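# Fold and geometry: a report
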Amino acid sequence: MRAFHSRLFQQNTIQRAASIEGVGIHTGQTTNLRLLPAPSNTGIRFRRVDAGGVEIPALASQVSSLELATTLGRDDVTVSTVEHLMAAIHVAGIDNLVIEIDGPEVPILDGSSLPYCRLLEAAGTRSQSGLRKILAVTEPIQTEVDGRAIRIAPFPGLRVSYMVDFPIPAIGHQTIDIRIDSDSFVRELASARTFAMMKDVEAMRQHGLGLGGSEDNCVVFDENEPVNTSLRFSDEPVRHKALDAVGDLALLGCPLWAHLEVEKGGHLVHFRLIETLLEHPESWTWVRAESSAAYPEVDTPELHRDHPPAFPLPSIS
């Protein structure tokens with residue numbers, strides 16, 4: 001049983017600006033990205049400096065496309081492939097941030113979240129006077145997209161159980177079950193890279209996608225093995241899918257207490273869950289600093305009714 005810590009409800013931003021540049025995996029365009037501190041209650045915002053400074057809040061309401069990556073859009077201005085950066089921001093506990101970018105796609109870097117985790121470490125964290133609220137799931141919710149299931153249930157923190165099942169021996173059936181915090185994310189998920197099937201690469205390029213993909217930022221599989229690089233984990237694909245889920249759920253715009261279970265998921269499935277969650281306010285509650293007296297400990301019956309995952313999984317990492 002763990003008592004609430006007052007810092008749990010403090011908003012944070014970064015201490016100093018930090019920047020990085022790289023190519024977009026789909027556009028092939030090199031972009032510069034700069035992280036800037038922001039005042040309390042700003043939230044996370046992308047600012048397209050090459051498009052008149054249009055700002056796009058990093059919220060599910062601003063999602064404009066989910067084709068192979070998560071894209072945000074406003075006034076015909078878009079920023080795509082935001083999920084790896086958003087995952088790093090979320091686990092770092094950053095609430096307020098302006099992300100300046102001079103192109104339409106977040107740099108893919110090495111295909112994982114780890115470079116963004118390191119960039120945020122270099123920027124540092126500063127506590128702010130504003131208070132955050134936490135969305136705590138109180139009743140299970142499940143939805144399905146084309147036979148791909150996703151479920152969310154009460155849990156004191158964020159736990160992700162993910163399963164993939166690809167019809168090739170190189171990947172096959174993989175599962176991961178992990179309680180997410182900054183340490184476990186960096187250790188178990190952050191370095192897992194995006195991946196693709198060899199048979200799909202040419203089709204993507206014919207549709208104007210994957211133009212910046214290379215052996216430096218994407219694991220490419222044939223039927224039996226990765227053909228362009230060695231794996232960082234034997235189950236790197238499912239770890240990357242879990243990473244994507246953390247980034248997509250960050251578009252709720254607040255910390256989440258829940259157990260997420262995903263079977264054969266993807267960006268569309270993650271987004272459909274966010275829609276379903278917001279459509280059922282009776283299944284969650286806000287936890288705020290001023291209400292912490294009503295929840296003297298995190299692991300309470302009101303917030304945590306444990307249950308077995310819907311599919312067989314290993315023990316929590």
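Located above this text is the structure these notes cover.
The present account deals with the structure reproduced in this document.

So, how was this worked out
Residues numbered from 1 in each chain as written. Predicted model: local features only at pLDDT ≥ 70, side-chain atom pairs only at ≥ 80, totals over all residues. Heavy atoms only, no water. Pairing = 2+ DSSP bridges. Helix = DSSP H or I, 4+ residues; strand = E, 2+ residues; numbered from the N terminus. Contact = heavy atoms within 4.5 Å. Axes fitted to C-alpha atoms, helices over the stretch in contact; angles between N-to-C directions. 1 Å grid on protein atoms, 1.4 Å probe; cavity = no way out; pocket = protein on both sides within 12 Å on 5 of 7 lines; lining within 4 Å. Points joined across faces, edges and corners; volume = space filled by probe spheres on them. Nonpolar A, V, L, I, M, F, W, Y, C, P; charged D, E, K, R; others polar. Salt bridge = Lys/Arg side-chain N within 4 Å of Asp/Glu carboxyl O. Buried < 20%, exposed > 50% of the residue type's maximum accessible area, 1.4 Å probe, protein only.

As judged from the six bridges shared by strand E2 (residues 18-23) and strand E3 (residues 30-37), these two strands associate in the antiparallel manner. Its bridge partner lying in E3, Ala 18 is registered against Leu 35. In this antiparallel pair of consecutive strands, E2 and E3, the connection spans six residues, and Gly 28 shows a positive phi of 75 degrees. The sheet contact formed by E3 and strand E9 (residues 97-101) spans five bridges and is antiparallel. By the bridge assignment, Pro 37 is partnered in E9 with Leu 97.

Turning our attention to the environment of His 240. Within the secondary structure layout, His 240 lies in helix H5 (residues 236-249). The sequence separation of His 240 and Ser 191 amounts to 49 residues, and the corresponding C-alpha distance is 8.2 Å. Non-local contacts of His 240, meaning those with residues more than four positions away in its chain, are made with His 84, Gly 111, Ala 192, Arg 193, Thr 194 and Phe 195.

With that settled, the discussion passes to unusual backbone geometry. Residues other than glycine seldom take positive phi values, yet Leu 68 does so here, at roughly 70 degrees. Inspection of the secondary structure puts Leu 68 in the loop between strand E6 (63-65) and strand E7 (71-74).

With respect to the helices and strands, the residue Thr 70 is situated in the loop between E6 and E7. Ignoring anything within four residues of it in the chain, the contact list for Thr 70 reads Val 63, Ser 65, Val 79, Ser 80, Thr 81, Val 82, Glu 83, Asp 248, Leu 251 and His 267.

Within the fold, Val 91 resides in helix H1 (residues 83-91). Once you skip the residues sitting within four places of it in the chain, Val 91 turns out to touch Ile 180, Ser 182, Phe 185 and Val 246.

Now for the sheet that holds strand E8 (residues 77-80). Here we have three strands laid out as an open sheet, ordered E6-E7-E8, and antiparallel in their pairing. Each of the sheet's edge strands pairs with one partner strand only, and the pair in question is E6 and E8. Taking the axes of each pair of neighbouring strands and ignoring which way they run, one obtains an average angle of 40 degrees across the sheet. In terms of strand pairing, E6 meets E7 through two bridges, oriented antiparallel. In the strand pairing of E7, Val 63 is matched with Leu 72.

Further remarks concern the layout of surface pockets. Vacant regions in the atomic arrangement are exposed by a probe of water-molecule size rolled over the atoms. Taken as a whole, the second largest pocket encloses approximately 840 Å³ of empty space. Lining the second largest pocket are 38 residues, with Leu 68, Thr 194, Phe 195, Ala 196 and Lys 241 positioned closest to its centre. If you list the elements that add at least two residues to the lining of the second largest pocket, you get H1, strand E14 (158-165), strand E16 (195-197), helix H4 (198-206), H5 and helix H6 (267-279). In terms of residue count, H4 provides more of the lining of the second largest pocket than any other element does, four residues in total. A per-class count over the lining of the second largest pocket returns 16 nonpolar, 13 polar and nine charged.

Time to look at empty space enclosed by the protein. A full pass over the atoms with the stated rule returns one cavity of 30 Å³ or more. What the largest cavity holds in volume is close to 30 Å³. The greatest single-element share of the lining of the largest cavity, amounting to four residues, is contributed by H6. Partitioned by chemical class, the residues of the lining of the largest cavity number four nonpolar, three polar and one charged.

The next subject is the pattern of salt bridges. What the rule picks out here adds up to 15 salt bridges. A salt bridge links Glu 55 to Arg 45; its shortest N-O distance comes to 3.6 Å. Of this pair, Glu 55 sits in strand E5 (residues 54-57) while Arg 45 sits in strand E4 (residues 44-48), and the two are 10 residues apart along the sequence. The exposure class of Arg 45 is partly exposed, given its relative accessible area of 25%. If you follow the salt bridges from partner to partner, you end up with Arg 34, Arg 45, Arg 47, Glu 55 and Glu 100 in one network.

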